[in-house]
Amino acid sequence: MRHTVTKVVIPAAGLGTRFLPATKALPKEMLPVVDKPAIQYVVEEAVRAGLPDVLFVTGRNKNALENHFDRATELESILMRKGDEERLSKVAESTGLANVHYVRQGDPLGLGHAVLRSQAHVAGNSFAVLLGDDIIDERDHLLERMLQVHDQRDTNVVALMEVDPSQAHLYGVATVEATEEDDVVRVRGLVEKPERGTAPSNLAVVGRYVLKPEIFPVLERTKPGRGGEIQLTDALLTLAEDHSDGRVHGVIFRGRRYDTGDRLDYIKANVQLAAERDDLGPGLRAWLREFVQTFED
Ligand code: G1P
């Protein structure tokens, strides 16, 4: 299927302080989830949706990312000499996966600022933004659906998921109106990380966006918001409030999402994804059953 969207922006300039000391020298995007860096799942998702042009907005972690998506000639020739085809194919997986580009964020002024840094690269076209902390199960087709809604309605699209009200303060939270499509809503309000107990709904923005270039001038005039950072959520609110027909829609995602953003969720994501795998799943599931019993009193 042809989309009007061809480019993906992946902000990857975070300091990853929640994972110190692991992230002292290693970017958090490179932490493995089972046996693959978290960021590779996200790039694979973009490629599956037909978007192999990927721009990373990086910080001090540029080198490790660049190396991961580049050839590793020395390693390849050692594995080739050994005739180890299986491992060779694992090395090659990320090399030709996407056409990767890099831009530095410079000052870490927030997600909205990171997105603003992609303006020259996306060159007046709509584009997708994928946040590395969220992994969407490869059996679910969230990004494809968002691209479809963007194309059909000519609108900005955010991914929304129902979350437990106790978790709403960790997300951008949307106020919405139904449309004639069961999984599509019109976004009327957005608030970035509302104070506990004040969230206007339990519909949280998860890290997938399809944005029109009209976001850039809005981002340029968006003042620092929550945490003193320029928030993409605030710029989207400006667009949502700007027009009675709604220039921001949400796709309600009811599929499988793995959060790697904090330590506990990261551990859960590793266990969930490994438990689903053909190679590791049977052994892990059997062990988990026994292990869980050791907690029962
Ligand atoms: C960002 C966004 C937030 C969104 C979240 C999804 O926050 O600012 O609106 O709900 O991603 O993961 P972060 O978690 O990067 O602080």
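Relevant structure appears above.
Predicted model only: the values in this text are computed from it and were never measured.

Asks: Give a description of the layout of surface pockets that names residues and reports values.
Replies: There is about 1,600 Å³ of room inside the largest pocket. Elements that contribute at least two residues to the lining of the largest pocket include exactly β1 (7-12), α5 (111-116), β8 (156-162), β11 (203-211), α9 (232-241), β13 (257-259) and α10 (263-276). Looking at the lining of the largest pocket, its residues break down into 20 nonpolar, 14 polar and 16 charged.

Asks: Residue-level account of the pattern of salt bridges, with values.
Replies: For the structure shown, the criterion picks out 27 salt bridges. The shortest N-O distance in the salt bridge between Arg256 and Asp140 comes to 3.0 Å. One end of the pair, Arg256, is in the loop between β12 (248-252) and β13; the other, Asp140, is in the loop between β7 (134-136) and α7 (142-153), with 116 residues separating them in the sequence. When its relative accessible area of 34% is taken as the criterion, Arg256 is described as partly exposed. Among the residues examined, Asp140 registers a relative accessible area of 16% and is labelled buried. Residue Glu180 pairs with Arg153 through a salt bridge whose shortest N-O separation is 3.0 Å. Placement of the pair is Glu180 in the loop between β9 (172-178) and β10 (184-192) and Arg153 in helix α7, with a sequence separation of 27 residues. Through salt bridges with shared partners, a single network forms among Arg145, Arg153, Glu180, Glu181 and Asp183.

Asks: A description of the packing of aromatic side chains should follow, citing residues and the corresponding values.
Replies: Summed over all chains, the structure comprises six aromatic pairs. Arranged with centres 5.5 Å apart and planes meeting at 35°, the rings of Phe56 and Phe69 form a pair that is tilted. On the criterion of sequence distance, the pair formed by Phe56 in strand β4 (residues 53-58) and Phe69 in the loop between α2 (62-68) and α3 (73-82) is long-range, its members being 13 residues apart. Comparing Phe56 with Phe69 shows no difference in burial state: the two are buried. Ring geometry for Phe56 versus Tyr102: centroids 5.5 Å apart, planes at 25°, classification stacked. Separated by 46 residues along the polypeptide, Phe56 in strand β4 and Tyr102 in strand β5 (residues 99-104) bring together distant segments of the chain. Looking at Phe56, the relative accessible area reads 0%, which means it is buried.

Basis of the calculations
Residues numbered from 1 in each chain as written. Predicted model: local features only at pLDDT ≥ 70, side-chain atom pairs only at ≥ 80, totals over all residues. Heavy atoms only, no water. 1 Å grid on protein atoms, 1.4 Å probe; cavity = no way out; pocket = protein on both sides within 12 Å on 5 of 7 lines; lining within 4 Å. Points joined across faces, edges and corners; volume = space filled by probe spheres on them. Helix = DSSP H or I, 4+ residues; strand = E, 2+ residues; numbered from the N terminus. Nonpolar A, V, L, I, M, F, W, Y, C, P; charged D, E, K, R; others polar. Salt bridge = Lys/Arg side-chain N within 4 Å of Asp/Glu carboxyl O. Buried < 20%, exposed > 50% of the residue type's maximum accessible area, 1.4 Å probe, protein only. Phe/Tyr/Trp six-rings, centres within 6.5 Å; stacked < 30°, edge-to-face > 60°.

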